[in-house]
Amino acid sequence: METATAFPRATSRMAAGEPSYLGGFYFRFLPQRIFSSLSTREITSRLRQWSMLGRIQAQAFSFDQTFQPYQKDDFVMVGMGRSLLILLGARHDAFFKDPNVIPNLQLLSDSSGQWTTLGTEVHRIEAVNVPCTQLSTSFFRRLYDEDIVRESGHIVKCLDSFCDPFLISDELRKVLLMEDSEKYEVFSPLERDEFLFRLFKHLCLGGSLCQYEDMLKPYLETAKLIYKDLVSVRKHPRTKEIQITSSVFKVKAYDSAGVCYPSAKEHEQTFSYFIVDPIKRHVNVLYHCYGVGEMA
């Protein structure tokens, strides 16, 4: 399950004679990096229907240090955990304080609903390790096997009910949200933690005026495209097997008043995922803020 690690900001200067920097990171915004999974005409049409258009985006940054990919749990706690601590917020030139990040990392304003930058001093960050091991969408086949989705691809309907704030009108949303549902255990807690499952669930639930799909394909296809766009893989040099090289973290930042990023208003559908590729030395940031998406 998730393990949250909070990193306080640095508050004191280095002592005389101490190395001025111990493996820290400097960042560069990559505006030329286009995430086609969020920008094609078909995908933007779907995001509009799901009330997410204009409220979801991906950004890319590069960093200048090289380190070896260890186990994903170790990435937070030990070894590269020290690198992640520096990467996200424990030194003056860490991610949330880097001069190339501050004017470029975007979020939606709670007051105006417009895209803006942070505009506040980050005191600490919290990074939750998100498993990212899936190389295919095969485990969603269970939706067919358990009669949640018909072989035709149609999602099975049910009587309307509410799981605040979501309307549940089909078996898919029941298996996603209702823990007392008889089919909730179709997916294990570990599988529900997977980044691919989280993407799929976020798309299914959408924004505050989400118009649900009758077919499974748009959700599954879009989740797969975004996943492939964000997550890096490589072929193992010896075994030739495909392996995922990215590590994923769900990130929150706090100022003196509380949570300030991704939003001061917390919601299951408001999130920021950092997808870190230690080989390419890239950080992809996937952001969404729950609300009413663009209609036109």
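Residues numbered from 1 in each chain as written. Predicted model: local features only at pLDDT ≥ 70, side-chain atom pairs only at ≥ 80, totals over all residues. Heavy atoms only, no water.

### A look at the nonpolar core
Next, step 1: In this structure, Leu-143, Leu-172, Phe-195, Phe-200 and Leu-286 are the most contacted members of the largest nonpolar core, which totals 52 residues.
Next, step 2: Elements supplying a minimum of two residues to this core: helix H1 (41-49), strand S3 (56-63), helix H4 (142-145), strand S8 (166-170), helix H5 (171-177), helix H7 (195-205), helix H8 (217-230) and strand S13 (271-277).
Next, step 3: Not counting residues within four places of it along the chain, the set of residues in contact with Leu-286 comprises Leu-38, Ile-56, Gln-57, Ala-58, Leu-199, Ile-226, Leu-230, Phe-271, Ser-272, Tyr-273 and Ile-275.
Next, step 4: Leu-105, Leu-107, Leu-118 and Phe-249 belong to the second largest nonpolar core, which has 25 residues in total. (Core = buried A, V, L, I, M, F, W, Y, C linked by side-chain atoms within 4.5 Å. Buried < 20%, exposed > 50% of the residue type's maximum accessible area, 1.4 Å probe, protein only. Helix = DSSP H or I, 4+ residues; strand = E, 2+ residues; numbered from the N terminus. Contact = heavy atoms within 4.5 Å.)

### Brief notes about the side chain of Asn-284
Next, step 1: Structurally, Asn-284 is set in strand S14 (residues 282-288).
Next, step 2: On the basis of relative accessible area, Asn-284 is assigned to the buried category, the value being 7%.
Next, step 3: Within the structure, the side chain of Asn-284 is placed 3.1 Å from the backbone oxygen of Leu-230, a separation counted as a polar contact. (Polar contact = N/O pair within 3.5 Å; in protein donor to acceptor, adjacent residues only side chain to side chain.)

### Notes on unusual backbone geometry
Next, step 1: A cis amide bond links Asp-164 to the next residue, Pro-165, at an omega of 5°.
Next, step 2: Here the bond from Tyr-261 into Pro-262 is cis, since omega is 10°, no more than 30 degrees from zero.
Next, step 3: Topologically, Pro-262 is positioned in the loop between strand S12 (258-261) and S13.
Next, step 4: A positive phi angle, near 60°, is found at Asp-147, a position not held by glycine.
Next, step 5: Its location among the elements puts Asp-147 in the loop between H4 and strand S7 (157-163).
Next, step 6: Asp-147 sits in the exposed class, given a relative accessible area of 54%.
Next, step 7: Although it is not a glycine, Lys-240 sits at a positive phi angle of roughly 70°.
Next, step 8: Here Lys-240 is to be found in the loop between strand S9 (233-235) and strand S10 (242-244).

### As for the pattern of salt bridges
Next, step 1: All chains considered together, the criterion is met by 13 salt bridges.
Next, step 2: For Arg-142, the salt bridge is made with Glu-191, and the minimal N-O distance between the two is 2.7 Å. Placement of the pair is Arg-142 in helix H4 and Glu-191 in helix H6 (residues 189-193), with a sequence separation of 49 residues.
Next, step 3: A relative accessible area of 25% places Arg-142 in the partly exposed class.
Next, step 4: Residue classification places Glu-191 among the buried positions, given a relative accessible area of 19%.
Next, step 5: Across the pair Lys-174 and Glu-171 runs a salt bridge whose closest N-O atoms are separated by 3.6 Å. Residue Lys-174 and its partner Glu-171 are located together in helix H5, separated by three residues, close to a single helical turn.
Next, step 6: Relative accessible area serves as the criterion here: at 21%, Lys-174 is assigned to the partly exposed category.
Next, step 7: A single salt-bridge network, built from bridges that share partners, covers Glu-42, Arg-46 and Glu-221. (Salt bridge = Lys/Arg side-chain N within 4 Å of Asp/Glu carboxyl O.)

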